[in-house]
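Coordinates in review
Chain by chain, the residues:
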Amino acid sequence: MTAMATKLVFVGEMGAGKTTAIRSISDMEPISTEMPISDEAALEAFEDKSHTTVALDYSSIELGDGELLHVYGVPGQAYLDFMWPIVAEGAIGVIVLVSALNPRALPSTLTLLEHFRALAPEACFAVGITCQDREPAFRFTDFRNALSQAGHRLPVMWVDAREASQVDFLVKALLSCRYAEAVA
């Protein structure tokens, strides 16, 4: 890998766990632009969330060979989507996090995959589903199959964004796909 080819981007709607995931796997304290949520509707929708990212999150992870993987998180709010092309440029991978609590999980994920495939055409993709402990009725197999039927062949797995080992596994699954494609 070259220095230009070591960028990973976490995307997802507000409350999906992007900032939490980045914090859990970072080798350093992440740079974050979290601010208190001022929108009353958002506060009601996310009872346990008082802050949201308003620009981006950034951190790094040292890979086994000593190279750094630069990790970015972008805000999920549509009015902040101007950040997406800036951060996605040159990304080797994009992880879409989606909350099992999101009633629009599938269309939201499909939209994000479409946008980021256009912004980062060379990137590999993976999907992590968060908050499964709070939404046991989420139909994982149906969700995964719908992504596949829409033409998305990518790792899809449950992930607790608070657990470094689970986020690390998701990142490794994405990177494995990346390097499997490079060898093929």
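Residues numbered from 1 in each chain as written. Predicted model: local features only at pLDDT ≥ 70, side-chain atom pairs only at ≥ 80, totals over all residues. Heavy atoms only, no water.

For the chain, the name recorded in an unreviewed UniProt entry is GTPase, with Stenotrophomonas capsici as its organism.

**Notes on the packing of aromatic side chains**
Evaluated as defined, the whole model comprises five aromatic pairs. Here the aromatic rings of Phe138 and Trp158 are separated by 5.6 Å at their centres, their planes lie at 65°, and the arrangement is edge-to-face. Taken together, the positions of Phe138 in the loop between strand S6 (124-130) and helix H5 (140-149) and Trp158 in strand S7 (residues 156-158) put the pair 20 residues apart, joining distant regions of the chain. Grouped by ring-pair contacts, the aromatic residues Phe138, Phe140, Phe143 and Trp158 constitute a single cluster. One cation-aromatic arrangement involves Lys7 over Tyr72; the distance from NZ or CZ to the ring centre is 5.4 Å. Against the face of Phe125 rests Arg117, its NZ or CZ located 4.4 Å from the ring centre. (Phe/Tyr/Trp six-rings, centres within 6.5 Å; stacked < 30°, edge-to-face > 60°. Helix = DSSP H or I, 4+ residues; strand = E, 2+ residues; numbered from the N terminus. Lys NZ or Arg CZ within 6 Å of the ring centre and 35° of its normal.)

**Considerations on the side chain of Lys7**
As for its position among the elements, Lys7 is in strand S1 (residues 7-11). Salt bridges are absent for the buried Lys7, whose nearest opposite-charge side chain, Glu89, sits at 6.4 Å. At 3.1 Å, the side chain of Lys7 forms a polar contact with the backbone oxygen of Val87. Polar side-chain contacts of Lys7 include one of 2.6 Å to the backbone oxygen of Glu89. (Buried < 20%, exposed > 50% of the residue type's maximum accessible area, 1.4 Å probe, protein only. Lys, Arg positive; Asp, Glu negative; His and termini not counted. Salt bridge = Lys/Arg side-chain N within 4 Å of Asp/Glu carboxyl O. Polar contact = N/O pair within 3.5 Å; in protein donor to acceptor, adjacent residues only side chain to side chain.)

**Here we look at unusual backbone geometry**
With a phi close to 65°, Cys131 is a non-glycine residue in the positive phi region. Mapped onto the secondary structure, Cys131 falls in the loop between S6 and H5. Of the residues examined, Cys131 reaches a relative accessible area of 15% and is grouped as buried.

**Some points on helix H4 (residues 105-119)**
Between its first and last C-alpha atoms H4 spans 21 Å; for 15 residues at 1.5 Å apiece the expected length is 21 Å, and the two agree. Where H4 is concerned, the buried positions are Ala105, Ser108, Thr109, Leu112, Leu113 and Phe116. All buried residues of H4 project into a common sector of 130° when viewed along the axis, lining one side. Pointing more than 90 degrees away from the buried face of H4 are the exposed residues Glu114 and Ala118. The inward-facing, buried residues of H4 abut S1, helix H3 (83-88), strand S5 (93-99), S6 and H5. (Expected span 1.5 Å × (residues − 1). Arc of directions from axis to C-beta. Contact = heavy atoms within 4.5 Å.)

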